[in-house]
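The residues making up each chain are set out below.
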Amino acid sequence: MAKHKPDPATLPYRPCVGIMLINGDGHIFVAKRTDTPDAWQMPQGGIDKGESPSQAALRELEEEIGTAKATILAESGQWLSYDLPPHLVGKVWGGRYRGQTQKWIACRFTGTDADINIATAHPEFDAWQWVPLDKLTDLIVPFKRATYEQVVAELGHHAIPA
């Protein structure tokens, strides 16, 4: 018996936080996902029950890149959502969500590159780099690109040298 694929329109969005981590040169941290070739993204992850987006941002940085050495600069004014492409609906997050709705947090990185360690307990990334703001959206998978353009428009003015 074939497994029934859920109708994306009936599924909710996963509440999530995204982090625009900015170094002293004004460049943005991006990392390449282990599960998708050439898929770069900024750190992101779910918001736990009782957690604020800012708290989730610092926790996710620690979990995904091995450091929470960051100062929060700003939070997006609204939730930004994206839909998964059809071939991923029903496969990720246990098939419970159609995509993610995200609060984005701009943070100033207060550590050094040596503080970043993507070889975490549950690695999501196999490479990372700092990129200029104007190159950021070119690296992102197409289904997230519109969200990243909104993040850049709202929070990009923080991406200046310290």
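Here's a quick rundown of the structure. Treat the numbers as computed from the prediction; the structure is a model and nothing was measured.

Remarks on the packing of aromatic side chains
- One pass over the structure, following the stated rule, counts seven aromatic pairs.
- Ring geometry for phenylalanine 29 versus tryptophan 128: centroids 5.4 Å apart, planes at 25 degrees, classification stacked. One end of the pair, phenylalanine 29, is in strand β2 (residues 28-33); the other, tryptophan 128, is in strand β8 (residues 125-131), with 99 residues separating them in the sequence.
- The exposure class of phenylalanine 29 is buried, given its relative accessible area of 0%.
- Ring centres of phenylalanine 29 and tryptophan 130 lie 5.6 Å apart, and the angle between their planes is 75 degrees; this geometry places the pair in the edge-to-face category. Of this pair, phenylalanine 29 sits in strand β2 while tryptophan 130 is found in strand β8, placing the two residues 101 residues apart along the sequence.
- A relative accessible area of 16% places tryptophan 130 in the buried class.
- One aromatic cluster is present, formed by Phe29, Phe109, Trp128 and Trp130 through successive ring pairs.

Considering the side chain of serine 76
- Checked against the element boundaries, serine 76 lands in the loop between β5 (70-75) and β6 (80-83).
- For serine 76, a relative accessible area of 2% gives the class buried.
- Within the structure, serine 76 has its side chain in polar contact with the backbone oxygen of glutamine 78 (distance 3.0 Å).
- Those residues in contact with serine 76 that lie beyond four places of it in its chain are Gln102, Lys103, Trp104, Glu154 and Leu155.

Overview of the nonpolar core
- Core analysis: the largest hydrophobic core is formed by 18 residues, its most contacted members being Leu21, Phe29, Ile65 and Ile116.
- Elements represented by at least two residues in this core include exactly β1 (13-22), β2, α1 (53-65), β7 (99-109) and β8.
- Among the elements that line this core, the one with the most residues is α1, at four residues.
- In this view, isoleucine 116 contacts Phe29, Ile65, Thr67, Phe109, Trp128 and Trp130; residues no more than four positions away in its chain are not counted.
- Counting 17 residues, the second largest nonpolar core, distinct from the first, contains Ile28, Val30, Trp40 and Met42.

Quick notes on the side chain of lysine 103
- For lysine 103, the position within the fold is in strand β7.
- Of the residues examined, lysine 103 reaches a relative accessible area of 9% and is grouped as buried.
- One polar contact links lysine 103 to glutamate 75, side chain to side chain, over a distance of 3.4 Å.
- If near-sequence neighbours (up to four positions away) are discounted, lysine 103 is found in contact with Cys16, Val17, Gly18, Pro53, Glu75, Ser76, Gly77, Gln78 and Trp79.

Examining α1
- When the terminal C-alpha atoms of α1 are compared, their 17 Å separation across 13 residues agrees well with the 18 Å that a helix rising 1.5 Å per residue should span.
- All of the buried residues along α1 are Pro53, Ala56, Ala57, Arg59, Glu60, Leu61, Glu64 and Ile65.
- Contacts from the buried residues of α1 go to β1, β2, β4 (44-46), β5, β7 and β8.

Definitions and limits used
- Residues numbered from 1 in each chain as written.
- Predicted model: local features only at pLDDT ≥ 70, side-chain atom pairs only at ≥ 80, totals over all residues.
- Heavy atoms only, no water.
- Phe/Tyr/Trp six-rings, centres within 6.5 Å; stacked < 30°, edge-to-face > 60°.
- Helix = DSSP H or I, 4+ residues; strand = E, 2+ residues; numbered from the N terminus.
- Buried < 20%, exposed > 50% of the residue type's maximum accessible area, 1.4 Å probe, protein only.
- Polar contact = N/O pair within 3.5 Å; in protein donor to acceptor, adjacent residues only side chain to side chain.
- Contact = heavy atoms within 4.5 Å.
- Core = buried A, V, L, I, M, F, W, Y, C linked by side-chain atoms within 4.5 Å.
- Expected span 1.5 Å × (residues − 1).

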